[in-house]
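# Reading the structure
In case you want the letters, here they are:
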Amino acid sequence: MRYSETGFNLEIDLSRGNIERVETDPRLTELYLGGLGTNAKILWDRVPPETDPFSPDAPLIFSSGLLGGTIAPGANRTIITAYSPQTLLMGFSMMGGFFAPEMKYAGYDKIIFRGKSPDLVYLWINNDKVEIRDAAHLRGKGAVETQDIIRKELNQPSAHVAAIGLAGENRVYTASIEQGRSSASRLGLGAVMGDKGIKAIAVRGTNDINIARPDEFIKLCNEVLEYIKFRNANPVPNIMTILQGLGSPQEMVETDEKWHTENFSWGNSRIRRKDFWTKEIEERWKSVQLDVRKRLISCYNCPMKCGAIIAVPGLSIYMMKCFTKLTYTMGALVDDLDFGFRISQRAAEYGVDGFSTPQIMAFGFELKEAGILTDADFEGCPSDNEGRFYWLLDRIVRREGIGDILADGTHWAAKKIGKGAEAYVHNNIKKHEQLPLKLGMLNPVYYLMYATGEKANITQIEGQFPQAPFMTMEEREAFVKDWFQVPDEKFKQYVLDWEPRGEHSNPLYPTVDMSVDIVDWQEKMHYIDDALGVCAGLSSFPLKPPYHMHNYPHFISSASGIDMDETGLTEVYNRNRNLVRAINVRRGMRRADEDPPEDHWKKRFPELEKKLLDAYYKFKGWDDDGIPTKETLQKLDLGYVAEDLEQRGIIKNG
Amino acid sequence: MAKVKKKIKSIKIDLDKCNGCRACEVICSAFHASPKYSGANPGRARIRMIRDPLRDVYVPVYAGEYTPAECMGRDKYVIDGKEYDECGFCRASCPSRDAFKDPDSGLPLKCDMCEDDPPQEKPLCVQWCLNDALIYEEREEEVEEEESPEALEVGVKALTDKFGLDQIMDAVARMSMSKKG
């Protein structure tokens, strides 16, 4: 019997309409755990690196994690993997919600698509019964709307549906995959889904997930719940409100946006508005948010409430989480949050990434102001800030006129537009738009995360370690006192010694070696979460989370029966980290690509940054270009990767 | 008649506090797995979230009695302008729907308040609902001790009501004669 996983994948060949249930190799679970790890293995094995993201051969994988659907709280993530049309690298985007657990109850750890359907279709999985169904009637329908239509036409109110909107159908590079209150937004995987002709996947399952050692497992789960209760009652003091608790930043709960609106940049990540948050704005924004917010909601089997049901008068209901309420508002330079909630409804139905899309639009208008794009490009566009954002959003998802060019994201759009447009692309890493955050002093830890993160998205890399030093020694001592999550006591000392000013402050402290240590720990927890399917909001993202390096090995052992300890888990992390790196290296990624936006910090330190990157690569067992060495790969049972990289001449001199 | 004490177990369900996470379902299924906690499968849960996020409908419903036949009609509640599902508050394991039936055997499921040895302090769904949408309450009530009549007596009384005592006595006499005969 297989424990904690179903032991089967669903393989769908869309070109031939073939559906197969394929048993998986348990040895792969031991090596890569599941989720991101086994997704990476499939991507490495199945297609050569030249494969175009829109090639029929390119796989699109919907995966659960090893703990997904068990009673482990928050084990609900769906890890979606394909080649990103935007970065051209491995795209892994994740969503919470209810999809992955339901897929496991239906009997599958993953759904792997290949080929392309000649017509728009949707997949309906009801336990053993799997059908490819016509979706012609869903063409052009909203991503949220589609979920409801499918549930109704199947008469399956308990089915969970992941769907794309018009943006995905039209292969917009920022197209998302939406499901319930969640979405896999980053890196354009919705465009890959649309390219394959899949409008949606609906799933319903009523099978068991088995647990190897139930007595141990329930005890661990109860401990996690108890600790969540403790953390909810005891927010971490002396840091900004949205980072004090568990979960993703509590943007649906909090209405005080002084910090975001005054510290993040508006427009095309340009303008700081340091006196924005007035009394009137505060009152207006609070009443807007409380009026449209009907209920705080969560993902599957999680006591947090990171999302909300949003009902704006006159618009259909949708769900929201995290930061989207601000991204459109700030990108469009609109002072009323009501606009944010309204345009987000349209954006959710279109199915677009709320991080990149507003920046692409702001970029477009900046080019117009600079005279690089002309009035002819914007014929019919309203002149007010709100109206023109709606107008351009409509053009982008329909790929009409200038929208067709901008639909490829700022990097590719600038290349097409030319005339110096590339100078206006100032907030990307690896061709992908980043949070609109511009800071003063370089933080060495963040420098490394921005530079080397394979996810190209800081919120999926950072976490665990404070973002800034505490002001006083008393605050630092109070913080480290009950910080048992640290994998090593040295991290406590780093926090104790880290000062806001002077010798022990940014950029020279944490030191180069310390910064590497810290980043490795942060990455490690994210990579483990993504293999297990546990939400970062209960693990790698917040300070002092319920899941950590000390209890994870026990979770894995008791759930799956695989022998696991902290050393073993670190090895799995290193294996998965190196495999993901190798996939990207094989697709051409090099040191030169590991470059945070030039203006991310005002004060830059090229020599220090070089030292940081050198030390990080060395720590990882990579060469000066960020390529894993043969020895590193062989130690991690990735000899086949080393061999391939050697044959291609990427690893030189053995 | 003598008074006796009866323990009433109830779960107060506060729909406004529900975050829709379905932890109640999954922990219920794990507790009732055999061996305990050896599996997870909300399809076997004895509590079911009737949910429709786009209408803001979140109703945890507990499995009650099995019924072999549907009701003659159905009800639909509208509360504060919000329309709930047809039979949306009903606890029955009923032919009209798939809730509260074991997905493999089709046998009816019924909430047992997590009877356990040693007893659980609260049913598991309540323990796992950190948002206090489910609150367990226990109280004792004094009730009249009823003498439950014997099954035979119930049967004879029903026949007597239908045929009259005389006819029944005649029938009994005839039957006893023929047996002796």
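Just so you know, these numbers come straight off a predicted model, no measurement behind them.

Cut-offs and rules
- Residues numbered from 1 in each chain as written.
- Chains lettered and ligands numbered in written order.
- Predicted model: local features only at pLDDT ≥ 70, side-chain atom pairs only at ≥ 80, totals over all residues.
- Heavy atoms only, no water.
- Helix = DSSP H or I, 4+ residues; strand = E, 2+ residues; numbered from the N terminus.
- Rg over C-alpha atoms; globule rule 2.2 N^0.38 Å.
- Buried < 20%, exposed > 50% of the residue type's maximum accessible area, 1.4 Å probe, protein only.
- Contact = heavy atoms within 4.5 Å.
- Pairing = 2+ DSSP bridges.
- Axes fitted to C-alpha atoms, helices over the stretch in contact; angles between N-to-C directions.
- Core = buried A, V, L, I, M, F, W, Y, C linked by side-chain atoms within 4.5 Å.
- 1 Å grid on protein atoms, 1.4 Å probe; cavity = no way out; pocket = protein on both sides within 12 Å on 5 of 7 lines; lining within 4 Å.
- Points joined across faces, edges and corners; volume = space filled by probe spheres on them.
- Nonpolar A, V, L, I, M, F, W, Y, C, P; charged D, E, K, R; others polar.
- Buried area = accessible area lost by both parts, 1.4 Å probe.
- Salt bridge = Lys/Arg side-chain N within 4 Å of Asp/Glu carboxyl O.
- Expected span 1.5 Å × (residues − 1).
- Domains from an automatic or database assignment.
- Polar contact = N/O pair within 3.5 Å; in protein donor to acceptor, adjacent residues only side chain to side chain.

For the rest of this paragraph, the subject is the overall build of chain A. For chain A, the helix and strand inventory stands at 24 helices and 20 strands. For 654 residues, the compact-globule formula gives about 26 Å, and the C-alpha radius of gyration of chain A, at 23 Å, lands near that figure. Projecting the C-alpha coordinates of chain A onto the three principal axes gives extents of approximately 65 × 65 × 55 Å. Of all 654 residues assigned to chain A, the portion counted as buried reaches 66%. Long-range pairs, those at least 24 residues apart, make up 69% of the contacts in chain A between residues at least 6 apart in sequence.

So, on to the overall build of chain B. Check the secondary structure of chain B and you find 4 helices and 7 strands. Listing the helices and strands of chain B from first to last along the sequence gives β-α-β-β-β-β-β-α-β-α-α. Taking 16 Å as the expected radius of gyration for a compact globule of 181 residues, we find that chain B reaches 23 Å, considerably beyond that expectation. For chain B, the proportion of its 181 residues judged to be buried stands at 39%. Excluding contacts between residues fewer than 6 apart, the proportion of contacts in chain B whose partners are at least 24 apart in sequence is 63%.

Residue and element names in this part refer to chain A. Strand order across the open sheet formed by 6 strands is S2-S1-S6-S3-S4-S5, with mixed pairing between neighbours. Of all strands in the sheet, those bounded by a partner on one side alone are strand S2 (18-23) and strand S5 (90-95). Across this sheet, the average inter-strand angle for adjacent strands is 15°, counted without regard to direction. Bridging between strand S4 (residues 78-83) and S5 involves 6 bridges; their strand directions are antiparallel. The residue of S5 that forms the bridge with Tyr83 is Met90. Against the sheet, helix H2 (residues 36-46) contacts strand S1 (8-13), strand S3 (60-63), S4, S5 and strand S6 (110-114), and its axis sits at roughly 20° relative to S4. Helix-sheet contacts for helix H3 (residues 99-106) involve S3, S4, S5 and S6, and the interaxial angle to S3 is about 85°.

As a further point, take the sheet that holds strand S16 (residues 318-321) of chain A. All names here are of chain A. Pairing within the open sheet is antiparallel, and its 3 strands lie in the order S14-S15-S16. Two strands lie at the open edges of the sheet, namely strand S14 (293-297) and S16, each paired on one side alone. Across the sheet, the mean angle separating the axes of adjacent strands is 30° when strand polarity is ignored. Alignment of S14 against strand S15 (residues 307-310), held across 4 bridges, turns out to be antiparallel. When the sheet's bridge partners are listed, Arg295 is paired in S15 with Ile309. Along the sheet face, helix H9 (residues 279-292) touches S14 and S15 and points at about 75° away from the line of S14.

Let's shift gears to the nonpolar core. Proteins that are soluble and globular tend to have nonpolar side chains buried together. Residue and element names in this part refer to chain A. Core analysis: the largest hydrophobic core is formed by 169 residues, its most contacted members being Ile71 and Phe555. Element by element, the count of residues in this core is highest for helix H19 (residues 512-532), at 11 residues. The contact partners of Phe555, leaving out residues within four places of it in the chain, are Leu67, Ala72, Phe217, Leu220, Cys221, Val224 and Tyr547. Ranked by size, the runner-up nonpolar core spans 67 residues in total, among them Leu14, Ala184, Leu189 and Ala421.

Enumeration according to the criterion identifies 9 cavities of 30 Å³ or more in this entry. The calculated volume of the largest cavity comes to roughly 890 Å³. Looking at the lining of the largest cavity, the elements that each hand over two or more residues are S5, strand S11 (182-184), S16, helix H10 (324-331) and helix H11 (337-350) of chain A. As a volume, the second largest cavity reaches approximately 160 Å³. What lines the second largest cavity is a set of 21 residues, and nearest its centre among them are B:Asn19, B:Cys21, B:Ala23, B:Cys24 and B:Cys129. Looking at the lining of the second largest cavity, the elements with two or more residues in it are helix H1 (23-31) and helix H2 (124-128) of chain B. Residue composition of the lining of the second largest cavity, by class: 15 nonpolar, 4 polar and 2 charged.

Every contact between the two is made by 41 residues of chain A and, on the other side, 33 residues of chain B. The contact between chain A and chain B buries some 3,000 Å² in all, and 54% of this surface belongs to carbon and sulfur atoms. Our count for the contact surface shared by chain A and chain B stands at 3 salt bridges. With a shortest N-O distance of 2.9 Å, B:Arg44 and A:Asp208 are connected by a salt bridge.

Further remarks concern the layout of surface pockets. What the second largest pocket holds in volume is close to 970 Å³. Of all elements in the fold, only helix H4 (143-154) of chain A together with strand S3 (47-52) of chain B reach the threshold of two or more residues within the lining of the second largest pocket. The element best represented in the lining of the second largest pocket is S3(B), accounting for 5 residues. When grouped by side-chain class, the residues that make up the lining of the second largest pocket number 8 nonpolar, 7 polar and 15 charged.

Going through the model one piece at a time under the given rule, you end up with 77 salt bridges over all chains. Ionic pairing is found between B:Glu86 and B:Arg74, a salt bridge with its closest N-O pair at 2.8 Å. Taken together, the residues span a long stretch of sequence, with B:Glu86 in the loop between strand S6 (82-83) and H2 and B:Arg74 in the loop between strand S4 (57-62) and strand S5 (78-79) at a distance of 12 residues. Look at B:Arg74 and you get partly exposed, because its relative accessible area is 46%. Sharing partners across several salt bridges, the network here consists of A:Lys430, A:Glu454, A:Asp520, A:Glu523, A:Arg577, A:Arg581, A:Glu594 and A:Lys620.

Here the focus is helix H13 (residues 385-398) of chain A. Residue and element names in this part refer to chain A. Relative to the 20 Å expected for 14 residues at 1.5 Å per residue, H13 spans 20 Å between its end C-alpha atoms, a close match to the ideal helical length. With 10 of 14 residues buried, H13 is to be regarded as a mostly interior element. Residues Gly387, Arg388, Phe389, Tyr390, Trp391, Leu392, Leu393, Asp394, Ile396 and Val397 constitute the buried set of H13. Looking at the buried positions of H13, the neighbouring elements they touch are helix H5 (166-169), H10, H11, helix H12 (356-369) and helix H14 (402-406). The first or second residue beyond H13 is Arg399, which carries a positive phi of 55°.

Here we take up the pairing of strand S8 (residues 129-134) of chain A. Residues and elements named next belong to chain A. Inspection of the sheet shows strand S7 (residues 121-126) paired to S8 by 6 bridges, in the antiparallel sense. Within the sheet, the bridge partner assigned to Asn126 lies in S8 and is Lys129. Counted along the chain from S7 to the antiparallel partner S8, the turn is 2 residues long, and its residue Asn127 has a positive phi close to 55°.

Let us look at the pairing of S15(A). Residue and element names in this part refer to chain A. Of the two faces of S15, both are covered, the one formed by Gly307 and Ile309 as well as the one formed by Ala308 and Ile310. In this structure, S15 lies alongside S16, joined through 4 bridges in antiparallel fashion. Considered in S16, the bridge of Ala308 is made with Met320.

Assigned domains within chain B: domain 1 (3-144) and domain 2 (151-180). Of note, the centres of domain 1 of chain B and domain 2 of chain B, computed from C-alpha atoms alone, are 45 Å apart.

This part covers the domain arrangement of chain A. All names here are of chain A. Under the domain assignment, chain A is made up of domain 1 (8-204), domain 2 (247-432) and domain 3 (439-647). Placing a centre on the C-alpha atoms of domain 1 and another on those of domain 2 gives a separation of 26 Å. Contacts between domain 1 and domain 2 engage 41 residues on the former and 32 residues on the latter. Between domain 1 and domain 2, a total of about 2,900 Å² is buried, with carbon and sulfur atoms accounting for 55% of that surface. Applying the counting criterion to the domain 1 and domain 2 interface returns 1 salt bridge. The partner of Asp353 in a salt bridge is Arg186, and the shortest N-O contact between them spans 2.8 Å. Summed over the shared surface of domain 1 and domain 2, the number is 25 residue pairs in polar contact (both at pLDDT 80 or more). Among the elements of the structure, H3, H4, H5 and S11 are those that each provide at least two residues to the side of domain 1 that touches domain 2. Residue composition of the side of domain 1 that touches domain 2, by class: 17 nonpolar, 18 polar and 6 charged.

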